[in-house]
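Observations on chain architecture
Chain by chain, the residues run as shown.
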Amino acid sequence: MAAPRGWRLARQGRCRLLHTERSAAPQPLSPLYPAVVASHTAKSKSAKRRRLEYFYQQVHEAPSIAEKLRLYGRLQRLKYVVYPQTFSLNADRWYQSFTKTVFVPGLPAAGAQPAGPGAPDLSELRSLACDALLQEHFYQRKRERPFLYREQQHVPAPFLTQLVSSLSAALGSSNPLLATSCLDLKPQVNFYWERGETVVCRGYRTGRIDPVRFQIDDEPQIQIRVPKQLPEFVPLDYSVPGEVPVINHKPDKLPLFKRQYDNKIFIGSKVADPCSYGHTQFHLIPDKLKRERLLKANLADQIEVTYRANGIASLFAWTAAQAMYQGFWCEADVTRPFVSQAVISDGKYFAFFCYQLNTLALTVKADQNNPRKNICWGTESKPLYEAVEGNNVKGFNDEILLQLVQFLLNRPEQL
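What you see as residue numbers is a count from 1 along each chain, following the sequence as written. Since the coordinates come from a predicted model, pLDDT governs what is reported: local features require at least 70, and pairs of side-chain atoms require 80 or more to be given and counted, while whole-chain, interface and lining totals use all residues. Neither water nor hydrogens contribute to the side-chain values; these are computed over all heavy atoms in the structure.

1. Section: the overall build of the protein chain
Of regular secondary structure, the protein chain possesses 11 helices and 14 strands. For a compact globule the rule gives 2.2 Å times the number of residues to the power 0.38, and the radius of gyration it is set against comes from C-alpha atoms. Against the compact-globule benchmark of 22 Å for 415 residues, the protein chain has a radius of gyration of 30 Å, which places it well outside the compact range. C-alpha atoms of the protein chain, sized along the principal axes, occupy 135 × 55 × 35 Å. Relative accessibility thresholds used throughout: buried, under 20% of the residue-type maximum; exposed, over 50%; partly exposed, between the two (1.4 Å probe, protein chains only). For the protein chain, the residues scored as buried account for 46% of the 415 residues in total. We call two residues contacting when some pair of their heavy atoms lies within 4.5 Å. Taking contacts inside the protein chain between residues at least 6 apart in sequence as the whole, the part at least 24 apart equals 79%. Counting rule for charge: Lys and Arg are taken as positive, Asp and Glu as negative, and neither His nor the chain ends is counted. A charge is said to be at NZ when it belongs to Lys, at CZ for Arg, at CG for Asp and at CD for Glu. Treating the 53 positive side-chain charges of the protein chain as one cloud and the 38 negative ones as another, the clouds have centres 15 Å apart. Each helix is a run of DSSP H or I of at least 4 residues and each strand a run of E of at least 2, with the numbering of both proceeding from the N terminus.

This is the structure we're talking about:
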């Protein structure tokens, strides 16, 4: 007698159930179709997010530092050109906002210590400085009146070059780091970064939100590069008491002007150079920003502003470029501080600045929960001497010379 049809189906189903329990767990099936992603060329927010993520992935996976820098600065848009030596009034506050820098009057404890017992005799250093002064003011026969706006290149520039080279050679035995350093004469220093957002107001990209782009193109008179990094002044997460000025106006109001050209990041040498860390820069104030001209224009309050703006912008560009030479950028923030020093002079008055870079995360996205701030310490300008009469230097200031020596003697603890 044939079994009922329903019983046969149940037996078959039961057999299949037992067979399934004894077999291995089923493997997950691979997707039959690729994931749905936003278009790479659309105008939507998701498409823009996808392009940004792909760009970040490219930079992160770059095989070398040179390739990473090329990818980072590949896209060319209009950007504000920041001039370290500027006519703009109160430019130091604007530059602090652009670079997320807190200015602290005075010098840090590590940069203000007196020279150690191993330093050369002060009388020998004073003699070198006075010889450099007399070489330009007394011994050489020069034009009585230099060309227009060339007075700084006539006497102060050769004096500063001779002073730095002489002191560096004399202090080489006291600081072995100077013996392995590289001294650059009028090098190019460049840095490109993004800070803030703006709405494109003209062109085929009207209405889109773009980052505000900046570029610094600097040319110090002299700079010293070293193969080892200088020690930090304060810890990386140090809570500085000051605040970064908040500027609620566009940089056009400073004024700054936009240009479009190659985005360049450069410390004065190529990536493969072993001296990839900065030690000290020496800047010369141009003729148009001389103290006498500002006093004549009734802008005495802008004299120190000129020095501060030059120190903040120049040291930020140089120190941030050094950090990017080590592989850090806005989406991969620094894990250790980067330190540089600067001496700014007009040939007679000297001001000293120390800079510590604590963060490169300056974009709107990277700076959302970033408590770090860059710090710049600086002094007011003081004269190195009063006057040069014949072959005598009157009123030589040993305090300025000692501070200059201390800057040159700065070195890592383990050397």
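2. Examining the packing of aromatic side chains
Under the pairing criterion, centres of Phe, Tyr and Trp rings, with the six-membered ring standing for Trp, must be within 6.5 Å; the plane angle then separates stacked pairs below 30 degrees from edge-to-face pairs above 60, leaving the rest tilted. Tallied over the full model, the rule gives 18 aromatic pairs. Between the aromatic rings of Phe55 and Tyr56, the centroid separation amounts to 5.9 Å while the plane-to-plane angle is 50°, which identifies the pairing as tilted. With a relative accessible area of 23%, Phe55 lands in the partly exposed category. The rings of Tyr80, Trp94, Tyr95, Phe98, Phe191, Trp193, Phe214, Phe316 and Tyr355 are connected pair by pair, giving a single aromatic cluster. Looking at Lys79, its charged tip hangs above the ring of Tyr261, at a distance of 4.0 Å from the centre. Positioned above the aromatic ring of Tyr385, the side-chain terminus of Lys348 is 5.9 Å from the ring centre. Criterion for a charge above a ring: Arg CZ or Lys NZ at most 6 Å from the ring centre, at most 35 degrees from the ring normal.

3. Re the nonpolar core
Put simply, buried Ala, Val, Leu, Ile, Met, Phe, Trp, Tyr and Cys residues joined by side-chain atoms within 4.5 Å make one nonpolar core. By size, the foremost hydrophobic cluster in this structure holds 102 residues, and its most contacted members are Tyr95, Phe191, Trp193, Phe282, Phe316, Phe350 and Leu360. A per-element tally of this core places helix H10 (residues 303–325) first, with 14 residues. Beyond its immediate chain neighbours, meaning those up to four positions away, Phe282 contacts Leu160, Val164, Pro220, Gln221, Ile222, Ile224, Val343, Leu404 and Leu408.

4. Focus: the pairing of strand E6 (residues 222–226)
Here E6 lies mainly inside the structure; 5 of its 5 residues are buried. Alternating residues of E6 divide into Ile222, Ile224 and Val226 and Gln223 and Arg225, and every residue in both groups is buried. Between any two strands, at least two bridges found by DSSP are needed for them to pair. Pairing of strand E3 (residues 182–185) with E6 involves 4 bridges; the strand directions are antiparallel. Considered in E6, the bridge of Leu183 is made with Ile224.

5. Thoughts on the sheet that holds strand E7 (residues 258–259)
One open sheet holds the 4 strands; their spatial order is E4-E5-E1-E7, and the pairing between them is mixed. Each edge of the sheet is formed by a strand with only one pairing partner; in this case those strands are strand E4 (189–199) and E7. Strand direction decides the pairing type here: strand E1 (residues 79–82) and strand E5 (residues 209–218), joined by 3 bridges, are parallel. Looking at the pairing, Val81 lines up with Gln215 of E5. For every element, the axis is a line fit to its C-alpha atoms; helices are fit only across the contacting stretch, and the angle between N-to-C directions ranges from 0 to 180 degrees. In the packing of helix H4 (residues 91–99) onto the sheet, contacts are made with E1, E4 and E5, and the angle to E4 comes to roughly 85°.

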